[in-house]
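Here is what each chain is made of, one letter per residue.
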Amino acid sequence: TSPPIVLNVNGIEVIYNHVILVLKGVSLNVPEGQIAAILGGNGAGKTTTLRAISNLLKGERGEVTKGSIELRGERIENLSPADLVQRGVVQVMEGRHCFAHLTIEENLMTGSYTRTDKAEVARNLEKVYTYFPRLKTRRTSQAAYTSGGEQQMCAIGRALMANPSVVLLDEPSMGLAPQIVEEVFEIVKDLNTKEKVTFLIAEQNTNMALRYADYGYIMESGRIVMDGAADDLRNNEDVKEFYLGVG
Ligand code: ATP
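Computed from a prediction, not measured in an experiment: that's the story for all the values here.

Rules used in this analysis
- Residues numbered from 1 in each chain as written.
- Predicted model: local features only at pLDDT ≥ 70, side-chain atom pairs only at ≥ 80, totals over all residues.
- Heavy atoms only, no water.
- Helix = DSSP H or I, 4+ residues; strand = E, 2+ residues; numbered from the N terminus.
- Buried < 20%, exposed > 50% of the residue type's maximum accessible area, 1.4 Å probe, protein only.
- Near = heavy atom within 4 Å.
- Polar contact = N/O pair within 3.5 Å; in protein donor to acceptor, adjacent residues only side chain to side chain.
- Areas by Shrake-Rupley, 256 points an atom, 1.4 Å probe, with all protein chains shown as cover.
- Pairing = 2+ DSSP bridges.
- Disulfide = S-S within 2.5 Å.
- Expected span 1.5 Å × (residues − 1).
- Contact = heavy atoms within 4.5 Å.
- Axes fitted to C-alpha atoms, helices over the stretch in contact; angles between N-to-C directions.

1. Digging into unusual backbone geometry
Then, number 1: In this structure, Asn163 is a non-glycine residue whose phi angle is positive, near 55 degrees.
Then, number 2: Its location among the elements puts Asn163 in the loop between α6 (148-160) and β7 (166-170).
Then, number 3: When its relative accessible area of 31% is taken as the criterion, Asn163 is described as partly exposed.
Then, number 4: Even without being a glycine, Ser221 presents a positive backbone phi close to 40 degrees.

Printed below as a string of structure tokens:
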């Protein structure tokens, strides 16, 4: 039997500044315990899709004008980002956004603001360090002086401090060397397998994302133009030609 659907995005349209139609009817399903990827080039609408789910469009003067978004069958379009965190949905923004002047550990602790149980927070911190041993060795370093890879790990680690069941991960590969991207994806896969965290990942690096994802959605100009099991997409001739590069 197939796993239940955690996130269901059904025909959403998103408009920025009241006029710019950016998502033109996007639908996708994310099954519990899987890694789904939204793929496509610059400006395709990947970030907008994630922002629509986590209700982070307002700050960008954007709004969902059509369609629906459900978390385990419940409509969530009107929940605040904080409500969504309480329900286990956390977004890791593109560009990492660590607080430069805080240490790695202080950054991680900012992710536990919804948690009041100190013992639980301590357990979560240890769990993050188990998955990201690099962060443990850098715990007292100011984020500004850590590498891009460590900052990406810190951003994911901070999201994990809220004990999420669903993580929306925006462009984790951005600006990182291939080897570091691989390290980050390995940890994501580990979290998915061992902690049963469901991931929806927006990525331009189609090749890397499809190696780790279960299912992929390819976006172009605000629409999903193709979707399928990650292995099928990797072997699809059109995908190879247009998205995976030659060889
Ligand atoms: P990237 O990888 O560059 O983030 P993306 O696939 O995530 O690309 P989006 O960031 O969702 O794409 O952008 C989709 C479209 O919406 C682009 O044409 C972009 O210029 C436009 N857009 C994004 N944010 C805004 C905004 N705040 N106001 C107006 N237009 C926006």
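Structure's up, so let's keep going.
2. Description of the site of the ligand
Then, number 1: Taken together, 17 residues lie near the ligand, and Asn42, Gly43, Gly45, Thr47 and Thr48 sit nearest.
Then, number 2: Between an oxygen atom of the ligand and a main-chain N or O atom of Gly45, the distance comes to 2.8 Å.
Then, number 3: Taking Glu60, its main chain carries an N or O atom lying 3.2 Å from a nitrogen atom of the ligand.
Then, number 4: About the coverage of the ligand: the protein hides 71% of its 630 Å² of free accessible area.
Then, number 5: Looking at the shell around the ligand, the elements with two or more residues in it are β2 (20-31) and α1 (46-53).

3. As for the sheet that holds strand β5 (residues 74-75)
Then, number 1: Within the open sheet, the four strands sit side by side as β2-β1-β4-β5. Their pairing is antiparallel. Each edge of the open sheet is held by one strand with a lone partner, namely β2 and β5.
Then, number 2: Sheet analysis places strand β1 (residues 5-16) next to β2, joined by nine bridges and oriented antiparallel. Across the sheet, the residue bridging to Leu7 is Val30, located in β2.

4. With respect to the state of the cysteines
Then, number 1: The tally for this structure, following the rule as stated, stands at zero disulfides.
Then, number 2: Its sulfur unpaired, Cys154 is 3.5 Å from the next cysteine sulfur, which belongs to Cys98.
Then, number 3: We classify Cys154 as buried; its relative accessible area is 0%.

5. Overview of the pairing of strand β3 (residues 35-39)
Then, number 1: Of all five residues that make up β3, five are buried, and the element is covered over most of its length.
Then, number 2: Going residue by residue along β3, you find Ile35, Ala37 and Leu39 tucked away on one face and Ala36 and Ile38 tucked away on the opposite face as well.
Then, number 3: Alignment of β3 against strand β8 (residues 198-203), held across five bridges, turns out to be parallel. Across the sheet, Ala36 pairs through a bridge with Leu200, a residue of β8.

6. Observations regarding helix α4 (residues 118-131)
Then, number 1: End to end, α4 covers 20 Å across 14 residues, agreeing with the expected 20 Å (1.5 Å per residue, within 8%).
Then, number 2: Burial in α4 covers these residues: Glu120, Val121, Asn124, Leu125, Val128, Tyr129 and Tyr131.
Then, number 3: Buried residues in α4 make contact with α3 (104-110), α5 (133-137), α6 and α7 (178-195).
Then, number 4: For α4, the side-chain oxygen to backbone nitrogen distance between the N-cap and Ala119 is 3.0 Å, and the N-cap itself is Asp117.

7. What about the sheet that holds β8?
Then, number 1: What the six strands build is an open sheet, ordered β6-β7-β8-β3-β9-β10; its pairing is mixed. What marks the edges here is a single partner per strand, and that holds for β6 (89-92) and β10 (223-229). Geometrically, the sheet is characterised by an average inter-axis angle of 15 degrees between neighbouring strands, direction not taken into account.
Then, number 2: Pairing of β3 with strand β9 (residues 215-220) involves four bridges; the strand directions are parallel. Along β9, the bridge assignment pairs Leu39 with Ile218.
Then, number 3: Where α7 meets the sheet, it contacts β3, β7 and β8, and its direction lies at approximately 155 degrees from that of β8.

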